[in-house]
Amino acid sequence: DGMDKCDASEMVYKDPNYIPAIAWIEAPLFALFWILSKAPVNMVMFLVSYHVFFMSNFLNPSFTGLGGTIPMGFLDLYWDSQTTIINLTSLLGGFLAILATLIPKPLLNTKALQENAIIAVQGMTNAWDDSINYFCGESQSAMRHSIGSKMDAIKGAFDRTEDSINGAWFEHFDVAHWGVARQLFRLFVEEGRNMNQVLQISKTAMVREDFQGQHVTFARGIRDDMKRCNDATTTLFTHCCKCCVDGQLDKQERDDLKNYLEEAKRMERQLAKTFRQTMEGQPYVSEDLANENCFIYGFAAYVKTVVDFAESLPTVADEFGQSKCKNFCENLCGSIADMFSWNLIKNPDNLKFSFVNFLPIVLTFMIAYFADSDVDHLFVPHAALMPGTLALIITASYGSTFKGNIDRLIGLVLGNVIPLLVLAVVFSFDCASWMRTVTQSVLVFLYFLTFSYVYYSSKNWGFVGCALCGFGAYPLMVSCDASGTGELGFNYHMRSNYKIIGQTTVAILMRMLIETLFLDHAPRDLAVKAMKDLLETIEDCYEEFFKGDYEAMKQKHDQVEGMAAICQKFYGDTAPQLEFAPGPRMPFKHKFFGEVQDKLVTVIAELEVLTLGASDWKKAEVKSEKSTMRQAAEKEEKLHKRAADHLGNASPKLHAIMSSQSAFSLMKQDVEDTMKRIFTTVIAVLEQDKEQAMTESNNQLLKDAFNQLTAMEGMLDLEAAPGFYKEVNRDMDGELKTIQPFQFASVVDDTQARLTVVVNSLKRATTALGEIGVLCLRENIY
C-alpha cells in the first residue's frame, strides 16, 4: 500500500496526528478541571464518569466501536457508533425521567411550592390562634406543650417551601409570570424566617408563664385587641399567599391587598396603644410581667412581618415583572461565573475535596490502562469500571468517611450480587420462552420499585438503594443472543460478574486508603473541632451584643446556625459502636456531646431573640440569587468590613440605655466569664481520651477552667439582673411618664418592651449555660 515498513512490535496508528501523550494529558486534566470547579456535584459525577469511559475506549488500541456502518451524513458521525448510542439513550432516559414527573400525576416543584406555602400559612395562623387563647386564659395547663410543638413544626413547612423554590427554576427558567411568582415566594420564605424567629419568642414565654402575679389582669386588658389584630393579620397573610401563586397581581387583588393592609395596620396601632395603657403604673422593666412582655412582643413582631410582606408584594411583582427574561440570564450567568470563580476554587476545603476525589480516579484509570490482558487476572485492560464507579460516588462530605465508604461498598457489591439471585430465577426458563420474558420483566420491575422506594424513603440506607438501582441495571438487562450454531442462549458470563465485584471492591478500598492517609482526623476529632468553632462563634456573638454592634451579631448568628447543623451531623457519625477498630483512646463521650447540643439549642435561640429585640426593625428583601459558596464568601467579607466600620459608629439607643447602668458591666462580666469557663470545660471533656480526673490534666488552662467552674456559685442565675432592673427603672422613670398611648405604631418599636425581651433572654441564656456546666461536672467521674 506504499506504507513504510515497521517492526512487528511497534505500535502503528491509523491517524498519524494521534499523539498518546496528548491523550494522556487530556484524560486527567479534564476530570481535574470539573472536580475543582464549583459545578453541582451530580453534574460533575456524570461528566467525569462519561469522560473516563470514553477516554478508556479511545486509548484502547483494540476498541472498534468509535465508528459505525450507518452514517448520519454530517461530521463523520454514525447512528450505530457507541458514542451516538450512549448519547441518544441518555437523552431518552432523561426524557422518560421528566415524563415520569408529569404522568399520571404531575410532581412539580411549582405545585409543591404553592401547597407548602399554604400549609405554612395555615400552620402559622392556627398556632397563633391557639397560643393567644391559651395565654389569655386564667390558669396554666399541659396544653402549652402541644401548642409549642405546633409552633416548632411550622419551620418544616417553610423549609419545604424553600426547597421547592430552588427546584422550580428548572421547570420554567423564571420566564414570564412563573419567574415573578418564584420571586414573590422567595420574599415569602425570607419573611417566613423572621416569623419563625419571633414565634419562638412567644412560645418560650407561653411555656414558661406560671399565670401568677398580675398575669390575669394584663391578659384581660390585652386579649380582645390581640384577637382582633390576629384576625386581621390572618386575613392579610392568607391573601398575600394567594397573590404569590400566579405571580400576577391584578387590580382586584391589589385593591383587596390595600384594604386588608390598612385594616391590619390599624389593628397594629390599636394593639400598641392598648399595651401602653395596660402597662400604666408598671416599672420600666417588670420582672413580674416579663413573659407577658415577651409574648406580646413576639406577636407584634409577627404582625409587623406580615405587614412588611404585604407592603413589599406589589413592588417586587412590578420590579420582576418588567425584567422578563433578564432574571433568567442573570441567574444563568451568575451560576456559570460561580462555577469557575478562582476565589471559590482556591478555598482550602474545595482543594482538599478535589484532591481526595481526583487521586483515586487517576490511580484506578492507570491500573486499568496497564493491566495484563490475561483473562485469569482480576483487572481488565482499558476498562473504565473502577474510575467510572469512583466518579459516580464523588462526595464533598468529610464526616465519618469510613462509614460512608462502607455504605458505598455495600451498595455497589449488592448492586451486582442481588441481580444474580434475580437472574437465577430467570435462567430456570428457556431463553426463547415467553415465560422467561414475562418473569424477567416482572422481576426487574419489582427490583427497581423496591430499591427506588428505599432510596426515596430511607435516611440511612438511601445511597444503598440508589446504588442497587444504578449498578443493578446492567446485570438485569441480560439478553438472548444466537450462538455460532444459531441456538439462542443467555449472554451472561459469571466470571465477568465476579471481576466486576472484585474491581468495584478494589476501587472503594483504594478510596478508603487515600482518605485515611490525607484525611487523617477521626470523626470524634472532627466533631470536637466543629464544636469548638461553634462555641467560639457563640462567644463572639455575645461579645458583639455587649459592644452594641447588633448588625455584626446578626451576621455571626447566621454562621452559628450552620455550625450547629454540622455538629448535629457529627452526632450520628461519632457513636462508639461505629468505630471499626477502637484504639487505646477511651470511647468518645457521645451522650455528653448530644446533651450539650440540646442545651445549646436554647443558648442559640436566645441569641436569636437578642438579635431581634436589640436591633432596630428592618424589612426583609429579595436579594439576587447566588450559590451557597458565593453567599458564604460574601458574608465573611461583609463581616470583616462591618467590624472595621463599627469602630466610629454611635451606639444604638437600646444599648445606650443598658450600657449607662453600672449593673450592665456586671451582667457582661457574668455572662462572658460563665461562658468562657463552661465552653473551655466542654472542649476539655470532649477531648478527654484517657481515664483521668480533669484536675490532673496536663493542660493548665483546662485545669484552671474546671477548678473555677467547680467553685462557681449561682451558675444558673444572672446575678446582676436584679440590680440592673432597679437602676433602669430608676433612670427611666421620667421617660416612662412622658410616653403617650399612640406614640408607637407597633409594640416592636416600644423600647420598654424590647428592653424587657432582651434582659429576659440574657437570663434564660445564663440558665442554659449553667445547665451545660452541670453536665460538665457530671462527667468528672475519675
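Residues numbered from 1 in each chain as written. Predicted model: local features only at pLDDT ≥ 70, side-chain atom pairs only at ≥ 80, totals over all residues. Heavy atoms only, no water.

Asks: Describe in detail the overall build of the protein, supporting the description with residues and values.
Replies: Along its length, the protein carries 27 helices and 2 strands. Per-residue burial for the protein yields a buried fraction of 45% across its 782 residues. Of the contacts made within the protein by residues no fewer than 6 positions apart, 82% connect residues no fewer than 24 positions apart. When the accessible surface of the protein is split by element, carbon and sulfur atoms take 59% of a total near 39,400 Å². (Helix = DSSP H or I, 4+ residues; strand = E, 2+ residues; numbered from the N terminus. Buried < 20%, exposed > 50% of the residue type's maximum accessible area, 1.4 Å probe, protein only. Contact = heavy atoms within 4.5 Å. Areas by Shrake-Rupley, 256 points an atom, 1.4 Å probe, with all protein chains shown as cover.)

Asks: Before we move on, could you go through the packing of aromatic side chains and cite the residues and values that matter?
Replies: Overall, the coordinates contain 30 aromatic pairs when judged by the stated rule. Measuring from centroid to centroid gives 5.4 Å for Tyr134 and Phe211, while their planes differ by 75 degrees, and the two rings are edge-to-face. With Tyr134 in helix α4 (residues 109-135) and Phe211 in the loop between α6 (176-208) and α7 (215-246), the pair connects residues that are 77 residues apart, well separated along the chain. An angle of 65 degrees between the planes, with centres 5.6 Å apart, marks the rings of Phe588 and Phe593 as edge-to-face. By way of ring pairs, the aromatic residues Trp128, Phe135, Phe295, Phe299 and Tyr302 are connected into one cluster. A cation sits over an aromatic face here: Lys569 above Phe570, 5.2 Å from the ring centre. (Phe/Tyr/Trp six-rings, centres within 6.5 Å; stacked < 30°, edge-to-face > 60°. Lys NZ or Arg CZ within 6 Å of the ring centre and 35° of its normal.)

Asks: With reference to specific residues and values, describe the packing of helix α20 (residues 590-614) against helix α27 (residues 751-778).
Replies: At a minimum axis separation of 9 Å, α20 and α27 run at an interaxial angle of 165 degrees. In terms of their interaxial angle, α20 and α27 are classed as roughly antiparallel. Handedness of the α20/α27 crossing: left-handed. Counted by class, the contact of α20 with α27 contains 16 nonpolar, 3 polar and 6 charged residues. (Axes fitted to C-alpha atoms, helices over the stretch in contact; angles between N-to-C directions. Parallel < 35°, antiparallel > 145°, perpendicular 65-115°, else oblique. Left-handed = near helix turned anticlockwise from the far one by under 90°. Nonpolar A, V, L, I, M, F, W, Y, C, P; charged D, E, K, R; others polar.)

Asks: Just give me the short version of empty space enclosed by the protein, but keep the residues and values in it.
Replies: Per the counting criterion, the structure on display carries 1 cavity of 30 Å³ or more. Its boundaries defined by the atoms lining it, the largest cavity holds a volume of some 50 Å³. Together, Thr110, Leu113, Gln114, Ala168, His172, Trp178, Ala181, Arg182, Phe185 and Val245 line the largest cavity. Only α4, α5 (143-172) and α6 provide two or more residues apiece to the lining of the largest cavity. With 4 residues, α6 is the largest single contributor of residues to the lining of the largest cavity. (1 Å grid on protein atoms, 1.4 Å probe; cavity = no way out; pocket = protein on both sides within 12 Å on 5 of 7 lines; lining within 4 Å. Points joined across faces, edges and corners; volume = space filled by probe spheres on them.)

Asks: With reference to specific residues and values, describe the side chain of Ser131.
Replies: With respect to the element layout, Ser131 can be found in helix α4. For Ser131, the side chain forms a polar contact with the main-chain oxygen of Trp128, separated by 3.1 Å. When residues no more than four places from it in sequence are discounted, the contact partners of Ser131 are Ile147, Met151, Met206 and Phe295. (Polar contact = N/O pair within 3.5 Å; in protein donor to acceptor, adjacent residues only side chain to side chain.)

Asks: Please set out the pattern of salt bridges residue by residue, giving values where relevant.
Replies: Any two side chains of opposite charge can pair if their charged atoms end up close together. Taken as a whole and judged by the stated rule, the model has 25 salt bridges. Lys150 is paired through a salt bridge with Asp130; the nearest N and O atoms lie 3.0 Å apart. Separated by 20 residues along the polypeptide, Lys150 in helix α5 and Asp130 in helix α4 bring together distant segments of the chain. You can call Lys150 partly exposed: its relative accessible area is 42%. Taking the relative accessible area as the measure of exposure, Asp130 reaches 26% and is therefore partly exposed. Measuring nitrogen to oxygen at the nearest pair gives 3.3 Å for the salt bridge that ties Lys589 to Glu779. (Salt bridge = Lys/Arg side-chain N within 4 Å of Asp/Glu carboxyl O.)

Asks: Account for the nonpolar core, naming residues and giving values.
Replies: Core analysis: the biggest nonpolar cluster contains 75 residues, and Met124, Phe188, Met226, Leu236, Phe237, Phe299 and Tyr302 have the highest contact counts within it. Where this core is concerned, the elements lending two or more residues are α4, α5, α6, α7, α8 (251-278), α9 (290-322), α20 and α27. It is α9 that contributes the most residues to this core, 17 residues altogether. For Leu236, the contacting residues outside a window of four places in its chain are Leu257, Tyr260, Leu261, Ala264, Val306, Val307 and Ala310. By size, the runner-up hydrophobic cluster in this structure holds 61 residues, among which are Leu526, Met658, Met667 and Ala765. (Core = buried A, V, L, I, M, F, W, Y, C linked by side-chain atoms within 4.5 Å.)

Asks: Can you break down unusual backbone geometry residue by residue, with the values?
Replies: In this chain, Ile103 is followed by Pro104 through a cis amide linkage whose omega measures 0 degrees. Checked against the element boundaries, Pro104 lands in the loop between α3 (82-100) and α4. The residue Phe211 is not glycine, and still its phi comes out positive at about 60 degrees. Positive phi outside glycine occurs at His382, with the angle close to 65 degrees. Topologically, His382 is positioned in the loop between α12 (348-369) and α13 (385-391). Given a relative accessible area of 13%, His382 falls into the buried group.

Asks: I'd like a description of the packing of helix α18 (residues 523-547) against helix α19 (residues 550-573), backed by residues and values.
Replies: Where α18 contacts α19, the axes come no closer than 9 Å and their chain directions differ by 160 degrees. As summarised for this structure, α18 and α19 are arranged roughly antiparallel, according to the angle between their axes. Regarding α18 and α19, the two cross each other, and that crossing is left-handed. A breakdown of the residues in the contact of α18 with α19 according to their chemical character gives 18 nonpolar, 3 polar and 5 charged.

Asks: If you had to explain α19 to someone new, which residues and values would you point to?
Replies: Counted at 1.5 Å a residue, the expected span for α19 with its 24 residues is 34 Å, and the 35 Å between its end C-alpha atoms agrees. Those residues of α19 lying buried are Tyr550, Ala552, Met553, Gln555, Lys556, His557, Val560, Cys567, Phe570 and Asp573. (Expected span 1.5 Å × (residues − 1).)

Asks: Tell me about a nonpolar patch on the surface, residues and numbers included.
Replies: There is a patch of nonpolar side chains on the surface, built from Trp434, Met435, Val438, Val442, Phe445, Leu446 and Leu449 and spanning about 700 Å² of accessible area. Relative to the helices and strands, Val442 resides in helix α15 (residues 434-457). (Patch = residues over 30% accessible without salt bridge, like charges linked within 9 Å, V, L, I, M, F, W, Y side chains within 5 Å.)

Asks: Please provide a residue-by-residue account of the environment of Leu535, values included.
Replies: On the secondary structure map, Leu535 appears in helix α18. Spatially, the C-alpha atom of Leu535 lies 9.1 Å from that of Lys676, the residues being 141 residues apart in sequence. In contact with Leu535, other than residues within four places in its own chain, are Leu600, Phe679, Val682 and Ile683.

Asks: For the state of the cysteines, give the residues involved together with the corresponding values.
Replies: Put plainly, two cysteines are in a disulfide when a covalent bond ties their sulfur atoms together. Within the structure shown, the criterion is met by 0 disulfides. This cysteine, Cys241, is not joined by any disulfide, and Cys244 carries the nearest cysteine sulfur, 6.2 Å off. Among the residues examined, Cys241 registers a relative accessible area of 4% and is labelled buried. Free of any disulfide, Cys466 has its nearest neighbouring cysteine sulfur in Cys469, separated by 7.0 Å. (Disulfide = S-S within 2.5 Å.)

Asks: Would you mind going over α8 in detail, with residue names and values included?
Replies: If you check α8, its first and last C-alpha atoms are 40 Å apart, about what 28 residues at 1.5 Å a residue would give, namely 40 Å. All of the buried residues in α8 are Glu253, Leu257, Leu261, Ala264, Met267, Glu268, Leu271, Ala272, Thr274, Phe275, Arg276 and Thr278. Measuring from the backbone nitrogen of Gln252 back to the side-chain oxygen at the start of α8 gives 3.3 Å, which picks out Asp250 as the cap.

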